[in-house]
Structure formats: C-alpha cells, structure tokens
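Architecture and fold: a report
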Amino acid sequence: MSRCAFSSLMLATAFVALVAAASAQETPSLKGLRPDLAREEVEKVYPDLAKRCSTLKGRNVVSCYYAPPKPELEKYRPRIADLDTLAGEPVKSWLLILDPQSAVDSVAVTLFTPSFDRVVGALTERYGKPSNTETSVVQNRAGASFDQVEVTWKIGDSHLVVNKRSSTIDEMSVSLSTRSRIAEWAQREKGKTKDAAKDL
C-alpha cells in the first residue's frame, strides 16, 4: 500500500471515529423536553402541558407542572399519557422552568425511589457511562439513615443529574439543565447573598 493510500485510509478512519463520537454525544432530553427548547416547541409536542404553565409570583419566570391525575379527576385535568412514565417507571410529577425569554431553563422529574436502578440503567444505555457517581448517607426526621446516590452526566453543555433520594426518602429525582445556566443561577445567587449582607 502506498504512503498516500495509507494516509487517506487513516484520515477516513479518523473521520468515521469523529462522526461516531459526535452521534454518541447527542443533546440529552427527557421525553423530548430539554433546556433551551422554545415554549412554542413545548406547545407543539405537549399542548396540554403548555396549558399548565403559570408565572411564578414575584419572579420573571414561568413554571409548567404536570402530575398524572387520579382516574376520577381526568375529566378536569386531561392525562398526558407519554409523561406518565420515564424509562418505563411511574412518574409522580414533571416541572419545567422557563426563563424570561420563554425558553426551557430546566426539566425536573420526580419518581419513586425503587425506580432508581431502572432509570439510571436506561440513561446509561442512552448516554453512556456517567461522568460522576457520588454516594452518601441521608437521614429522615426520625434520625433513620438511608443511602443516597447522585449520578451525573456532563454531555456538552448539558448537566443531567439523578438523585436516589429527593424531597423525601421515598422519592427520587431526575433533573436536566445546562452548565451555563447553572453558572448563571449561581452568579445570581451570589449577587443576592451580597445584597442580603448589606442589609445586616
């Protein structure tokens, strides 16, 4: 094989590897919902979810909330069947936060703790090995201890986090945002802390 042909073969192999890596780094989403998605896009995909959006009191942001309704309440609050599960597991609720420009800022899903392994397994199958896994111990109000696991994927600018324990020991959470938005939030909180310190 000539040196020129060998070089061409090596370039082609490198190109294929780059394409494969790029496709493996798809932008994470949860049931088609992801940060930076315009509100109009949310309305197209989930019109009933868009109807459940409201402006947070005293803040220039919008929240969209969905919890699968009990059968007797479905006539008042239509079911969004596709959002009733995540990775085949029952969902307790969905929460979208939209920024002042009407783009999705973050997506948060609450499920039940027994679903943790299935959800993490499905996300690993879809997005590859997590960037980080941390274990710790949490306690409930009675002082009983429970294992806590936080699994994180950092893909491009996306930040996907799964917590085995959330607001209660029986609930787990999946949250999707972007590192740039998290940095913006941290900067805003830092400013609020400085302002609060002036009021001491």
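Residues numbered from 1 in each chain as written. Predicted model: local features only at pLDDT ≥ 70, side-chain atom pairs only at ≥ 80, totals over all residues. Heavy atoms only, no water.

**Let's talk about the confidence of the model for the chain**
Of all residues in the chain, 84% have pLDDT values of 70 or greater, and the mean over the chain is 85. No element of the chain has a lower mean pLDDT than helix α1 (residues 3-24), at 46, and none a higher one than strand β3 (residues 85-86), at 98. (pLDDT = per-residue confidence, 0-100. Helix = DSSP H or I, 4+ residues; strand = E, 2+ residues; numbered from the N terminus.)

**Things to note about the pairing of strand β6 (residues 132-139)**
Sheet topology places β6 next to strand β7 (residues 145-155); eight bridges connect them, and they run antiparallel. Bridged to Glu134 within β7 is Glu150. Hairpin connection between β6 and β7: a loop of five residues separates the two successive antiparallel strands, and Gly143 in this loop has a positive phi of roughly 95 degrees. (Pairing = 2+ DSSP bridges.)

**Some thoughts on the nonpolar core**
Residues Leu30, Leu49, Trp94 and Val174 are the most contacted members of the largest nonpolar core, which totals 35 residues. Elements that contribute at least two residues to this core include exactly β2 (62-66), β4 (89-98), β5 (104-112), α4 (116-127), β7, β8 (158-163) and β9 (171-178). The element best represented in this core is α4, accounting for five residues. (Core = buried A, V, L, I, M, F, W, Y, C linked by side-chain atoms within 4.5 Å. Buried < 20%, exposed > 50% of the residue type's maximum accessible area, 1.4 Å probe, protein only.)

**Examining the pairing of β9**
Among the eight residues of β9, seven are classified as buried, and the element is accordingly described as predominantly covered. In the sheet, β5 pairs with β9 via six bridges, with the strands oriented antiparallel. Bridge pairing in β9 links Val109 to Val174.

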